[in-house]
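Tertiary structure, described
Okay, here's what each chain looks like letter by letter:
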Amino acid sequence: MSKRDYYEVLGVSRTAADADIKKAYRRLAMKYHPDRNPGDQNAEAHFKEAKEAYEVLSSADKRARYDQFGHAGVEGMGAGAGGPGFDPGDIFGDIFGDIFGGGGRRRGGSRAFRGADLRYEMPLDLEQAVAGHEASIRIPVLSPCETCHGNGAAPGSNPKTCPTCHGQGQVRMQQGFFSIQQTCPQCRGNGKIISELCPDCHGDGRIEQQRTLSVKIPAGVDSGDRIRLAGQGEAGEQGGPPGDLYVEVRVKPHPIFTRDGADLACELPISFATAALGGKIDVPTLDGKVSLTVPAETQSGKVFRLRGKGVKPVRGGPTGDLMCRVEVETPVKLTDEQQELLQRFQASIEAGGERHSPRSETWLDGVKKFFERIAS
């Protein structure tokens, strides 16, 4: 059976650039590869046909002969069987890079790895978190070794090219027409062999050091917020870029205030007399004391809102409020005279009935009705 035109097989014109030919083959190889189409003889035939066409058109010499003489011009030159100048692993490496996100096959040189990111937990007082803070921190970190300048070799010696992978960092395994690449077992992907290790870093190229950094915490942060310091993480291996440092904020509990987003809250203890008669009391805020007028007959649990006395959020938005919850404080350690006065006061309250204690009377009525329902 006559063979189809190679340009027609790949779906490109006769003037197509090498990059377009390679792109067309990659698309067909991914579509018809036997691993993606197990047991499909038709797909396997298309895959072999595309492979043969690419083998010829990817070689400048074979393509020139094919353009002049057609299929007869490349017979005996390895068309369809893999000839010099063609490496299917190049294409398969690119295909697998697309499938698995590897970005294609790395060509030459040792592999460089990005350094690890680091996390530092910074405890802050509530006042520091609300107003902003600047502090110096000291962290242990892997930095490039100054003795070997990061290459891992002892002074006066240099890493040598790996004889197994010839500096590629990877070796190829061939199984029929299908080839795959894996990390070189001798150099572990570095592409270099160190005969004499650096006495300080022992060949790693990095050494642990203490680093002091200045960290500026913006106003309004809350627990869990993170500040990223780019490039302040661990040094990369084999000259790779450093990682980042993430400073995570942890706001310590406050003796007076609790925080809920942009709002603050506190309990406001007041005396029995102030709750009954009303008066003015000083309320603490993060900006200082403010005077609050408590109206007469204020009950325990009443909440007063002080607008704008909360937190300005770090991500923008209006400043929150301060919510003050009243707690009427019961007097303790009374003198005999005070106890007598209270007893006389209580007697006068009871004589007034519901007029002085409307909530108590309502509650007692509810209890009475509850027991009546149970009895019936």
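Above this text sits the structure in question.
We now turn to the structure provided with this report.

Rules of the game
Residues numbered from 1 in each chain as written. Predicted model: local features only at pLDDT ≥ 70, side-chain atom pairs only at ≥ 80, totals over all residues. Heavy atoms only, no water. Helix = DSSP H or I, 4+ residues; strand = E, 2+ residues; numbered from the N terminus. Buried < 20%, exposed > 50% of the residue type's maximum accessible area, 1.4 Å probe, protein only. Contact = heavy atoms within 4.5 Å. Areas by Shrake-Rupley, 256 points an atom, 1.4 Å probe, with all protein chains shown as cover. Pairing = 2+ DSSP bridges. Axes fitted to C-alpha atoms, helices over the stretch in contact; angles between N-to-C directions. Phe/Tyr/Trp six-rings, centres within 6.5 Å; stacked < 30°, edge-to-face > 60°. Lys NZ or Arg CZ within 6 Å of the ring centre and 35° of its normal. Patch = residues over 30% accessible without salt bridge, like charges linked within 9 Å, V, L, I, M, F, W, Y side chains within 5 Å. Salt bridge = Lys/Arg side-chain N within 4 Å of Asp/Glu carboxyl O. Arc of directions from axis to C-beta. Parallel < 35°, antiparallel > 145°, perpendicular 65-115°, else oblique. Left-handed = near helix turned anticlockwise from the far one by under 90°. Nonpolar A, V, L, I, M, F, W, Y, C, P; charged D, E, K, R; others polar.

A few points about the overall build of the protein chain
Tallying secondary structure elements over the protein chain gives 9 helices and 15 strands in all. Residues counted as buried form 32% of the 376 residues belonging to the protein chain. In the protein chain, the proportion of contacts linking residues at least 24 apart, taken out of those at least 6 apart, comes to 63%. For the protein chain, the accessible area works out to roughly 23,000 Å², and carbon and sulfur atoms hold 50% of it.

Focus: the sheet that holds strand β14 (residues 303-306)
Taken in spatial order, the 4 strands make up an open sheet running β10-β11-β15-β14, and their pairing is mixed. What marks the edges here is a single partner per strand, and that holds for β10 (258-260) and β14. Averaged over all neighbouring strand pairs, the angle between strand axes comes to 30°, with direction disregarded. With 8 bridges joining them, strand β11 (residues 263-271) and strand β15 (residues 322-329) adopt parallel strand pairing. Each residue of the ladder has a partner; that of L264, found in β15, is L322.

Re unusual backbone geometry
Its identity as a non-glycine residue notwithstanding, E297 has a phi of 65°, on the positive side. Mapped onto the fold, E297 is located in the loop between β13 (288-294) and β14. We note that K333 has phi near 55°; this positive angle belongs to a residue other than glycine. Structurally, K333 is set in the loop between β15 and α8 (336-352). Residue K333 is classed as exposed on the basis of its relative accessible area of 81%.

Structural notes on the packing of aromatic side chains
Each aromatic ring pair is summarised here by two numbers: the centre-to-centre distance and the angle between the ring planes. In the structure shown here, the tally under the stated rule is 4 aromatic pairs. Taking 6.1 Å as the distance between ring centres and 45° as the angle between the ring planes, the aromatic pair formed by Y7 and Y66 counts as tilted. Within this pair, whereas Y7 is found in helix α1 (residues 6-10), its partner Y66 is found in helix α4 (residues 60-69), the two being separated by 59 residues in sequence. The same class applies to Y7 as to Y66, namely buried. The side chain of R226 reaches across the aromatic face of Y246, ending 4.3 Å from its centre. When the ring centre of F304 is taken as reference, the NZ or CZ atom of K302 above it lies at 5.8 Å.

Some remarks on the sheet that holds strand β1 (residues 118-124)
In any sheet, the strands associate via hydrogen bonds between backbone groups, in a parallel or an antiparallel arrangement. With mixed pairing, 3 strands are arranged side by side in an open sheet as β1-β9-β8. Two strands close off the open sheet at either side, each with one partner strand: β1 and β8 (226-229). On average, each strand axis in the sheet is tilted by 25° relative to the strand beside it, whichever way the strands run. Where β1 meets strand β9 (residues 245-251), 7 bridges bridge the pair, whose relative direction is parallel. For E121, the partnering residue across the bridge sits in β9 and is E248.

A short note on the pairing of β8
Burial along β8 is one-sided: the face carrying I227 and L229 is buried and the face carrying R226 and R228 is not. In terms of strand pairing, β8 meets β9 through 4 bridges, oriented antiparallel. For R226, the partnering residue across the bridge sits in β9 and is E248.

So, a nonpolar patch on the surface
On the surface, a cluster of nonpolar side chains totalling about 260 Å² of accessible area is made up of F272, L342 and F345. Note that F345 resides in helix α8. For F345, a relative accessible area of 37% puts it in the partly exposed group.

Some words on α4
Considered for burial, the residues of α4 that qualify are K62, R63 and Y66. The buried residues of α4 occupy one face: seen down the axis, they fall within an arc of 100°. Facing away from the buried side of α4 by over 90 degrees, the exposed positions are A60 and Q68. Taken together, the buried residues of α4 touch α1, α2 (18-32) and α3 (41-57). Looking one or two places after α4, you find G70, whose phi comes out positive at around 75°.

A look at the packing of α2 against α3
Helix-helix packing is described using two parameters, namely the angle between the two axes and the distance between the axes. Look at α2 against α3: their axes get within 9 Å of each other, and the N-to-C directions meet at 160°. In terms of orientation, α2 lies roughly antiparallel with respect to α3. For the pair α2 and α3, the crossing hand works out as left-handed. The segment α2 lies against α3, with I21, K22, Y25, L28, A29 and Y32 engaging A43, E44, H46, F47, A50, K51, Y54 and L57. Residues of the contact of α2 with α3, tallied by class, amount to 10 nonpolar, 1 polar and 3 charged.

A short note on the pattern of salt bridges
Two side chains of opposite charge can pair, provided their charged atoms sit close to one another. Counted according to the given criterion, the structure contains 21 salt bridges. Residue R114 is joined to D117 by a salt bridge in which the shortest nitrogen-to-oxygen separation is 3.0 Å. Here R114 falls in the partly exposed class, since its relative accessible area comes to 44%. Here the residues in one salt-bridge network are R114, D117, R228 and D244, joined through shared partners.

From the geometry alone we can't say anything about function, so treat these as descriptive.
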